[in-house]
Amino acid sequence: MKRKAPSDDPVQDAPQVAAPARAAAGLPAVGHSLRMARQQMGVKRTALTLLRVNQKDGFDCPGCAWPEGDKRHTAEFCENGAKAVAEEATTRRVTRDFFAAHPVTDLAQRSGYWLGQQGRLTEPMHLPEGGERYEPISWDDAFALLAEELRALASPDEAVFYTSGRTSNEAAFLYQLFAREFGTNNLPDCSNMCHESSGSALTETLGVGKGSVLLEDLYKADLIIVAGQNPGTNHPRMLSALEKAKAGGAKIITVNPLPEAGMERFKNPQTAKGLAAGGTPLTDLFLQIRLGGDQALFRALNRMILERDGAVDAEFVREHTHGFEEFAQTARATDWDATLAATGLERAEIERALELVLASRRTVVCWAMGLTQHKHSVPTIREVVNFLLLRGNIGRPGAGVCPVRGHSNVQGDRTMGIFERPAPAFLDALEKEFGFAPPREHGYDVVRAIRAMRDGLVKVFFAMGGNFVAASPDTQVTEAAMRRARLTVHVSTKLNRSHCVTGARALILPTLGRTERDTQRGGDQFVTVEDSMGMVHASRGRLEPAGEQLLSEPAIVARLARAVLGEASSTPWAQFEGDYGLIRDRIARVVPGFEDFNAKVARPGGFALPHAPRDERRFPTATGKANFTAAPMEYPQVPQGRLLLQTLRSHDQYNTTVYGLDDRYRGIRNGRRVVLVHPEDAAAHGLADGTYADLTSEWSDGRERIARGFRVVHYPTARGCAAAYYPETNVLVPLDATADTSNTPASKSIVIRLTPSEAD
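Residues numbered from 1 in each chain as written. Predicted model: local features only at pLDDT ≥ 70, side-chain atom pairs only at ≥ 80, totals over all residues. Heavy atoms only, no water.

**Q** I tried to follow the layout of surface pockets on my own but got confused; where do I start?
**A** Leftover empty space is mapped by rolling, across the atoms, a probe with the size of a water molecule. The computed volume of the second largest pocket comes to approximately 1,200 Å³. Taken together, 39 residues form the lining of the second largest pocket, with Val208, Gly209, Lys210, Arg414 and Thr415 sitting closest to its centre. Residue assignment for the lining of the second largest pocket shows that the elements contributing at least two residues are helix 9 (196-206), helix 22 (410-415), helix 23 (424-434) and helix 31 (612-616). Sort the elements by how many residues they give to the lining of the second largest pocket and helix 9 lands first, with five residues. When the residues that make up the lining of the second largest pocket are grouped by side-chain class, the tally is 16 nonpolar, 14 polar and nine charged. (1 Å grid on protein atoms, 1.4 Å probe; cavity = no way out; pocket = protein on both sides within 12 Å on 5 of 7 lines; lining within 4 Å. Points joined across faces, edges and corners; volume = space filled by probe spheres on them. Helix = DSSP H or I, 4+ residues; strand = E, 2+ residues; numbered from the N terminus. Nonpolar A, V, L, I, M, F, W, Y, C, P; charged D, E, K, R; others polar.)

**Q** Could you clarify how one ought to interpret the packing of helix 8 (residues 169-182) against helix 23 in this entry?
**A** Two numbers describe a pair of packed helices, the interaxial angle and the distance between the axes. Interaxial distance between helix 8 and helix 23 falls to 12 Å at its minimum, and their mutual angle equals 85 degrees. The angle between helix 8 and helix 23 places the two elements in the roughly perpendicular class. Between helix 8 and helix 23, the residues in contact are Phe173, Gln176, Leu177 and Arg180 and Phe426, Leu427, Leu430 and Phe434, respectively. Its residues placed into classes, the contact of helix 8 with helix 23 shows six nonpolar, one polar and one charged. (Axes fitted to C-alpha atoms, helices over the stretch in contact; angles between N-to-C directions. Parallel < 35°, antiparallel > 145°, perpendicular 65-115°, else oblique. Contact = heavy atoms within 4.5 Å.)

**Q** Please clarify how the nonpolar core should be interpreted in this entry.
**A** Generally speaking, soluble globular proteins have nonpolar side chains that are buried together. With 62 residues, the main nonpolar core has Leu146, Leu150, Phe161, Phe178, Phe462 and Leu509 as its most contacted residues. Contacts of Leu150, omitting those with residues within four sequence positions, involve Ala159, Phe161, Phe178, Phe182, Val460, Leu560 and Val564. Leu206, Ile225, Leu306 and Trp367 belong to the second largest nonpolar core, which has 47 residues in total. (Core = buried A, V, L, I, M, F, W, Y, C linked by side-chain atoms within 4.5 Å. Buried < 20%, exposed > 50% of the residue type's maximum accessible area, 1.4 Å probe, protein only.)

**Q** Whenever I open this one, empty space enclosed by the protein confuses me. Can you help?
**A** Scanning the model with the defined rule gives five cavities of 30 Å³ or more in all. The residue inventory of the lining of the largest cavity, partitioned by class, reads four nonpolar, seven polar and six charged.

**Q** Would you take a moment to explain the sheet that holds strand 14 (residues 363-367) for this structure?
**A** A sheet is described by the order of its strands in space; here five strands give the open sequence 12-9-8-14-15, paired in parallel fashion. Two strands lie at the open edges of the sheet, namely strand 12 (285-287) and strand 15 (400-403), each paired on one side alone. Pairwise comparison of adjacent strand axes, ignoring direction, gives a mean angle of 15 degrees for this sheet. The strands touched by helix 9 within the sheet are strand 14 and strand 15, with strand 15 carrying the most contacts at an inclination of about 160 degrees. (Pairing = 2+ DSSP bridges.)

**Q** Sorry if this is basic, but what is going on with the side chain of Asp518 here?
**A** Here Asp518 is to be found in strand 19 (residues 518-520). One buried charged residue, Asp518, remains without a salt bridge, the closest side chain of opposite sign being Arg584 at 8.8 Å. Of the polar contacts made by the side chain of Asp518, one reaches the side chain of Gln520; its length is 2.8 Å. Ignoring sequence-local partners within four residues, the contact set of Asp518 consists of Leu512, Gly523, Asp524, Gln525, Ser552 and Tyr580. (Lys, Arg positive; Asp, Glu negative; His and termini not counted. Salt bridge = Lys/Arg side-chain N within 4 Å of Asp/Glu carboxyl O. Polar contact = N/O pair within 3.5 Å; in protein donor to acceptor, adjacent residues only side chain to side chain.)

**Q** Where do I start with the packing of aromatic side chains in this structure?
**A** Aromatic ring pairs are described here by two measures, namely the spacing of the ring centres and the angle between the planes. Taken as a whole and judged by the stated rule, the model has 22 aromatic pairs. Measuring from centroid to centroid gives 5.6 Å for Phe161 and Phe178, while their planes differ by 85 degrees, and the two rings are edge-to-face. Note that Phe161 is positioned in strand 7 (residues 159-163) and Phe178 in helix 8, a separation of 17 residues in sequence. For the pair shown, Phe161 and Phe178 are each scored as buried. Taken together, a centroid distance of 6.2 Å and an interplanar angle of 45 degrees make the contact between Phe161 and Phe462 tilted. Of this pair, Phe161 sits in strand 7 while Phe462 sits in strand 16 (residues 460-464), and the two are 301 residues apart along the sequence. In this structure Phe462 comes out as buried when scored by relative accessible area, which is 1%. Over the face of the ring belonging to Phe526 we find Arg540, whose NZ or CZ atom lies 4.6 Å from the ring centre. Over the ring of Tyr654 we find Arg649; its NZ or CZ atom is 4.3 Å from the centre of that ring. (Phe/Tyr/Trp six-rings, centres within 6.5 Å; stacked < 30°, edge-to-face > 60°. Lys NZ or Arg CZ within 6 Å of the ring centre and 35° of its normal.)

**Q** Explain unusual backbone geometry to me, please; I cannot follow it from the model alone.
**A** Glycine aside, residues mostly have negative phi, and peptide bonds are mostly found in the trans state. In the segment running from Tyr726 into Pro727, the intervening peptide bond is cis, with an omega of 10 degrees. Position of Pro727 among the secondary structure elements: in the loop between strand 32 (721-725) and strand 33 (750-756). The phi torsion at Asn670 lies on the positive side, around 60 degrees, for a residue other than glycine. Position of Asn670 relative to the elements: it lies in the loop between strand 28 (668-669) and strand 29 (674-677). For Asn670, a relative accessible area of 26% translates into the label partly exposed.

Here it is in structure tokens:
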């Protein structure tokens, strides 16, 4: 039975606020998951679909990239995973009749939540130049239009090929292959907006831009530090791993500006004890740090480790590291007054953390966007590496770096070559395998792509998944840049804001989802993904496709390449479309670690990619060793009377996909335009709880960026800090406010002022 989508956008002008929750998951999570799944899919389809999520013979959850263990639960999914599956496997459909009834100007006024609730896209759609509505177009005509626009470019670099994390390894490999055979390295991706800082710091210091731990390492750890991360909302299955680690004796330090229910107490919905009892306390020490103060915290810990007799693993430092003396000199000069100002912590709190550190032989540090989206993010993560190197916690079971990636397969896309600054060795391997000379000039990342579109240097924008307009910073600048393009193209499963902000012409190309059967000439196909810890495994959908005209992502890329490159290409695009095993054979010959790819991925559960620091204590850096680094201590400087804002997700949200209007763990219901402010900071601004404020960001360009009409919520944030949801507050993030080295938008350190709103 087809389920009806909402016909009207919900009114969100009166959010209801209650006290924040003190525990995550439990029966409310189960009930919410099943209720949403039933609304989208119905009872039978819910049971058939959810029981295949993250199973060895099933499909990989289209949500987060958290890994699965060897032994799987019957229900191997979390609340947000259930929401992601329900949205993809929904029986709601967006047809040509929908587009006939809704001109683009109407769609542009709708919320992202409403757009997503309309259901699955079912056929290719075209917005002609000067047109008011999307119209049906055949696949052949869509590819012909694309070929016409791409061939008309003065240079291949006038095209940008963006990738979202959900794309499979096979599709990503073909996508970068096409872009480079076309002649450009303009391959920005969502990593540019999230963990680029992690990759930059880890590549320099350890030689591998990925995490060094496997799931089993968390279970063996003595101490786990979770910094700048909210697993209860963003990676809920991580809470099960932390619970298991606690049962094994691990201690947990949580470092975050906001108290989060999931890190306080976890009620495991997979166990009777978790459902019936009060749950498992997870955090042993909560350090409520000021935004951007993490480098100062780890620098202080490093100084104290250096000052404690016998605390440094001298043998490891001597045998495996480089740059220790310069680092140690810098760390010993740490100023305590500056440290306390940067962190907002008491010295006694940092000393308590030190005692937990010194009691641990095996330490893991996990982090996410709270560390990666600041101007000084790369030095911060380098300081985390310094912290682990000091006590030999790299290449030791139960220890290491654990950047927790967001979207499923965002890490795999990068492994497959989705990168605007490819390594020469990767390009050499492509050239040897496919017989063409790939471009060597670096391409555009996300921020540089927006600037290029703004300046008229890019004429065609092609997105493989994602919601680029809503995900990107400086919303007004981004939207104006997109509208300057000749053609914008989005490969999508559902409607989103990016379909409403178009170039002169636009295409929507509907694709299969992870849950759906993918049948090609060679029979039923499967794809592969890489999780946050470097495990690669198969994903097989079983549902019938949402429409007869849907194409898989590999098929879309292969047909695009044939239309654009024609006889000039010797790449067997048609063969790749018919048999994904042939794509994997080529990946095996190009990408290190994927030798015998088809054989390895046939094993239930997949295989682990090699990681030299973890596996051999070998560091493929410029020095041949793990690199200590020394950098000035930085933290955001906030003028008097201003606050530091971080953008974040609600619990009813994954990236830019909004599943509902509640944030159950933070006590927010029926609304997203809220700003969380410490009561004393709100009082200083003359804003009582429940009043409304406009948020104005301040940046060196002197231009004011304003987000209007936010309900003020008095909340136990760190003093001087505030929080609000994205994408509603992306308008406040200046395009040029980025992290040094990585160029990641600094969405966690926006200087704002609050003023009473006329909406009050």
